[in-house]
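For reference, the chains in residue letters:
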Amino acid sequence: MATMLDVVMTTHTIFAALWTGGTLLVAGAVLPAARRELLGEKALALIGRRFSYLTIASVLLLLFTGGHLAGTLYTVETLQSTGRGHLVLTMVGLWLLLPLVLYGGFRQLTGLPPEKSVATAASEARPWFLIASIISIALLIVAGLL
Ligand code: HEM
């Protein structure tokens, strides 16, 4: 019988995978296609909008489930004085950074002025999504070390 902690950890891990996987897919497939004008403005805006919904849901659900996990498995003392505690605090720091960097990228993909091409928008979003990809991989490494 699954315990409450099992359900919370599973939800936490599912949204961790969806969010980081989505970030890597946008950086590794969507933007390269857009930079080659293989994706239209409407398609790019739809992908950008849907991914921002996933980002909002992930930020909130990872906070709630992560907060529950931290409150159950750690104390303020063990968060600050153990190796695992430091990994969790690193996870929180990266969780704070990732949506900020993604927001920088989203802004380039939606609401394009008429004179800006899809390829230009994708090229301007690229550095943001490359940094977001590095943060995502760092998050998965931290999670793997836990
Ligand atoms: C406020 C933000 C977050 C908090 C407070 C938090 C907290 C935690 C805690 C306390 C654990 C359990 C650690 C243990 O077993 O000792 C955990 C596990 C995990 N976290 Fe987070 N987390 C946060 C954000 C994230 C993010 C953004 C990711 C994205 C990759 C993530 C991925 C994971 C994964 C995959 C595990 C499972 C590790 C395992 O298999 O044991 N977390 N998190």
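Below is a summary of the structure that appears in this document. Keep in mind it's a predicted model, so treat the numbers as computed, not measured.

Quick notes on the rules
- Residues numbered from 1 in each chain as written.
- Predicted model: local features only at pLDDT ≥ 70, side-chain atom pairs only at ≥ 80, totals over all residues.
- Heavy atoms only, no water.
- Helix = DSSP H or I, 4+ residues; strand = E, 2+ residues; numbered from the N terminus.
- Buried < 20%, exposed > 50% of the residue type's maximum accessible area, 1.4 Å probe, protein only.
- Contact = heavy atoms within 4.5 Å.
- Areas by Shrake-Rupley, 256 points an atom, 1.4 Å probe, with all protein chains shown as cover.
- Donors = N, O, S within 2.8 Å, 3.2 Å for Na, K, Ca; no water.
- Tetrahedral: all angles 85-135°; square planar, octahedral: opposite > 155°, others 65-115°.
- Core = buried A, V, L, I, M, F, W, Y, C linked by side-chain atoms within 4.5 Å.
- Patch = residues over 30% accessible without salt bridge, like charges linked within 9 Å, V, L, I, M, F, W, Y side chains within 5 Å.
- Salt bridge = Lys/Arg side-chain N within 4 Å of Asp/Glu carboxyl O.

The next subject is the overall build of the chain. Of regular secondary structure, the chain possesses 5 helices and 0 strands. Starting at the N terminus and walking to the C terminus, you meet the elements of the chain as α-α-α-α-α. For the C-alpha atoms alone, the extent of the chain along its principal axes is close to 55 × 30 × 20 Å. Taking all 146 residues of the chain together, 38% fall into the buried category. Look at the contacts in the chain between residues 6 or more apart in sequence, and 77% of them connect residues 24 or more apart. Per element, the accessible surface of the chain, about 8300 Å² overall, is 71% carbon and sulfur.

The next point concerns the coordination of the iron atom of the ligand. Expected angles at a metal are 109.5 degrees for tetrahedral coordination by four donors and either 90 or 180 degrees for octahedral coordination by six donors. Donor atoms from the polypeptide that bind the iron atom of the ligand are His12 (NE2) and Met91 (SD), placed at 2.1 to 2.3 Å. Coordination at the iron atom of the ligand comes from 6 donor atoms whose angles at the metal span 86 to 179 degrees, giving a geometry best classed as octahedral. Separated by 79 residues along the polypeptide, His12 in helix H1 (residues 4–35) and Met91 in helix H4 (residues 83–109) bring together distant segments of the chain. Each member of the pair, His12 as well as Met91, is classed as buried.

It is worth spelling out the environment of Thr23 at this point. Along the chain, Thr23 turns up in helix H1. Its relative accessible area of 0% is what places Thr23 among the buried residues. Residues Thr23 and Thr65 lie 42 residues apart in sequence; the distance between their C-alpha atoms is 20 Å. Ignoring any residue separated from it by four or fewer positions in sequence, one finds Thr23 in contact with Phe51, Leu102, Phe129, Ala132, Ser133 and Ser136.

The subject of this paragraph is the side chain of Ser136. Here Ser136 is to be found in helix H5 (residues 118–145). Discounting chain neighbours no more than four positions away, the residues touching Ser136 are Thr20, Thr23 and Leu98.

Below, the discussion takes up the nonpolar core. Core analysis: the biggest nonpolar cluster contains 32 residues, and Trp19, Leu31, Leu44, Phe51, Leu98, Leu102 and Phe129 have the highest contact counts within it. Listed by contribution, the elements that provide at least two residues to this core are H1, helix H2 (41–73), H4 and H5.

Turning next to a nonpolar patch on the surface. Nonpolar side chains collect at one region of the surface, where Leu24, Ile137, Leu140, Ile141 and Leu145 lie side by side and expose about 440 Å² of accessible area between them. Along the polypeptide, Ile137 turns up in helix H5. Residue Ile137 is classed as partly exposed on the basis of its relative accessible area of 42%.

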